[in-house]
Amino acid sequence: MYKKLNKKQIKRFAQRYLPDWINDIYEVSLLKYAEVKEYLVNEHYFVIVDKSKVVEKDLQEL
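Per-chain numbering applies: the sequence of each chain, read as written, is numbered from 1 onward. Local features in a predicted model are, by the rule used here, given only for residues with pLDDT of at least 70; side-chain atom pairs are given and counted only at 80 or more, and totals for whole chains, interfaces and linings are based on all residues. With hydrogens and water excluded, all non-hydrogen atoms of the structure serve as input to the side-chain values.

Undergrad: Residue-level account of the overall build of the protein chain, with values.
TA: When its secondary structure is counted, the protein chain shows one helix and five strands. Put simply, the radius of gyration uses C-alpha atoms, and a globule should come to 2.2 Å times the residue count raised to 0.38. The C-alpha atoms of the protein chain give 11 Å as radius of gyration, which agrees with the globular expectation for 62 residues (11 Å, within 12%). For the protein chain, the C-alpha atoms occupy an extent of roughly 30 × 25 × 20 Å along the three principal directions. A buried classification covers 32% of the 62 residues belonging to the protein chain. In the protein chain, of all internal contacts separated by at least 6 residues, the share reaching a separation of at least 24 is 28%. Helix and strand labels come from DSSP, where a helix needs a run of H or I of at least four residues and a strand needs a run of E of at least two; each type is numbered from the N terminus. For each residue, the accessible area found with a 1.4 Å probe, counting protein chains only, is set against the maximum for its type, and the residue is called buried under 20%, exposed over 50%, and partly exposed in between. Whether two residues are in contact is decided by their heavy atoms: any pair within 4.5 Å suffices.

Undergrad: Run through the pairing of strand β5 (residues 53-58), naming residues and quoting values.
TA: The side chains of a regular strand alternate between the sheet's two faces. Here, strands pair whenever DSSP counts at least two bridges between them. With five bridges connecting them, strand β4 (residues 45-50) and β5 associate as antiparallel partners. Paired with Phe 46 across the strands is Asp 58, a residue of β5. The antiparallel hairpin formed by β4 and β5 contains two residues in its connecting segment, where Lys 51 sits at a positive phi of about 55°.

Undergrad: Explain the packing of aromatic side chains to me, using residue names and the numbers behind them.
TA: Ring pairs are drawn from Phe, Tyr and Trp, using the six-membered ring of Trp, whenever the two centres fall within 6.5 Å, and their geometry is named by plane angle: stacked under 30 degrees, edge-to-face over 60, tilted for the rest. By the definition in use, this model includes four aromatic pairs. Measuring from centroid to centroid gives 4.5 Å for Phe 13 and Tyr 39, while their planes differ by 40°, and the two rings are tilted. Placement of the pair is Phe 13 in helix α1 (residues 7-17) and Tyr 39 in strand β3 (residues 36-41), with a sequence separation of 26 residues. Classification of Phe 13 by relative accessible area gives buried; the value is 4%. The class for Tyr 39 is buried, based on a relative accessible area of 7%. The interplanar angle of 75° and the centroid separation of 4.9 Å between the aromatic rings of Trp 21 and Tyr 45 together place this pair among those described as edge-to-face. Pair noted here: Trp 21 is in the loop between α1 and β2 (28-33) and Tyr 45 is in strand β4, with a separation of 24 residues, a long-range link. Each member of the pair, Trp 21 as well as Tyr 45, carries the same accessibility label: buried. Among the aromatic residues, ring-to-ring pairing joins Phe 13, Tyr 17 and Tyr 39 into one connected group.

Encoded structure:
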């Protein structure tokens, strides 16, 4: 399943996974399959969650 998160969902996502960036996140897309969620943040950064555990954060040099 693919979808774009709305503003409320983006805020919740940012609070949970990227709290330091909460004011910088303007767009999040979600690709969900099996028990894996792949998030594309601001058309640039990836966060992959497998069974509620973050398994990858490609944030390119925080």
